[in-house]
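# Summary of structural features
As a plain string of letters, each chain reads:
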Amino acid sequence: MITKPAPGRQFFDLPATYQIQIQGRIEASWSEYLEGMVIQESELGGGAPVTTLYGELPDQAALAGVLNQLYLLRVTVLSVTRVEDVQC
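## Remarks on the sheet that holds strand β4 (residues 76-83)
Read from one edge of the open sheet, four strands run β2-β3-β1-β4, paired in antiparallel fashion. With one partner strand each, in any of the chains shown, β2 (38-43) and β4 form the two edges of the open sheet. Across the sheet, the mean angle separating the axes of adjacent strands is 20° when strand polarity is ignored. Here β2 runs beside strand β3 (residues 49-57); their pairing, made up of six bridges, is antiparallel. Each bridged residue has a counterpart across the sheet, and for Ser 42 the counterpart in β3 is Val 50. Contacts from helix α1 (residues 60-72) reach β1 (16-23), β3 and β4 within the one sheet, and its direction differs from that of β1 by about 15°.

## Points about the nonpolar core
Burial of nonpolar side chains together is a common tendency in soluble globular proteins. Of all hydrophobic cores here, the largest spans 14 residues; its most connected members are Ile 20, Leu 34, Met 37, Leu 53, Leu 57, Val 66 and Leu 70. Those elements that provide at least two residues to this core are β1, β3 and α1. Sequence-distant contacts of Leu 57, that is, excluding residues within four places in its chain, are made with Leu 14, Pro 15, Ala 16, Tyr 18, Glu 35, Met 37, Ala 62, Leu 63 and Val 66.

## Quick look at the pattern of salt bridges
Counted by the stated rule, this structure contains one salt bridge. Its salt-bridge partner being Glu 41, residue Arg 25 comes within 2.8 Å of it at the nearest N-O pair. Taken together, the positions of Arg 25 in the loop between β1 and β2 and Glu 41 in strand β2 put the pair 16 residues apart, joining distant regions of the chain.

## Observations concerning the pairing of β1
Among the eight residues of β1, six are classified as buried, and the element is accordingly described as predominantly covered. With eight bridges joining them, β1 and β3 adopt antiparallel strand pairing. By the bridge assignment, Thr 17 is partnered in β3 with Glu 56. As paired elements, β1 and β4 share seven bridges and run antiparallel to each other. Its bridge partner being in β4, Gln 23 is matched across the sheet by Thr 76.

## Some words on unusual backbone geometry
Most peptide bonds adopt trans geometry, and most residues besides glycine take a negative phi value. With phi around 60°, Glu 35 is a residue other than glycine that occupies positive phi space. By the element assignment, Glu 35 lies in the loop between β1 and β2. The phi angle at Arg 74 is positive, at roughly 60°, despite the residue not being glycine. Structurally, Arg 74 can be placed in the loop between α1 and β4.

Here is what the cut-offs are and how they apply
- Residues numbered from 1 in each chain as written.
- Predicted model: local features only at pLDDT ≥ 70, side-chain atom pairs only at ≥ 80, totals over all residues.
- Heavy atoms only, no water.
- Pairing = 2+ DSSP bridges.
- Helix = DSSP H or I, 4+ residues; strand = E, 2+ residues; numbered from the N terminus.
- Axes fitted to C-alpha atoms, helices over the stretch in contact; angles between N-to-C directions.
- Contact = heavy atoms within 4.5 Å.
- Core = buried A, V, L, I, M, F, W, Y, C linked by side-chain atoms within 4.5 Å.
- Buried < 20%, exposed > 50% of the residue type's maximum accessible area, 1.4 Å probe, protein only.
- Salt bridge = Lys/Arg side-chain N within 4 Å of Asp/Glu carboxyl O.

Geometric values such as these leave the question of function open.
See the structure below:
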């Protein structure tokens, strides 16, 4: 029997949309290695480049995989946020 999660309770094995901000730039071609997340560049004050990744991931294991890829690329993760809607 499948039950619905209680309000406010999240499960690790359900899809969710995430926004991940990193310091620096990542080429758009890396999207396929980052679970198909949309890659957008912007700048912080002073012109420092920031890359934002948006996308739905199937579960938190996939999120861990994306974060591991970013670690292997040696980029600094600024934030990871679970969002309700993709803001592309």
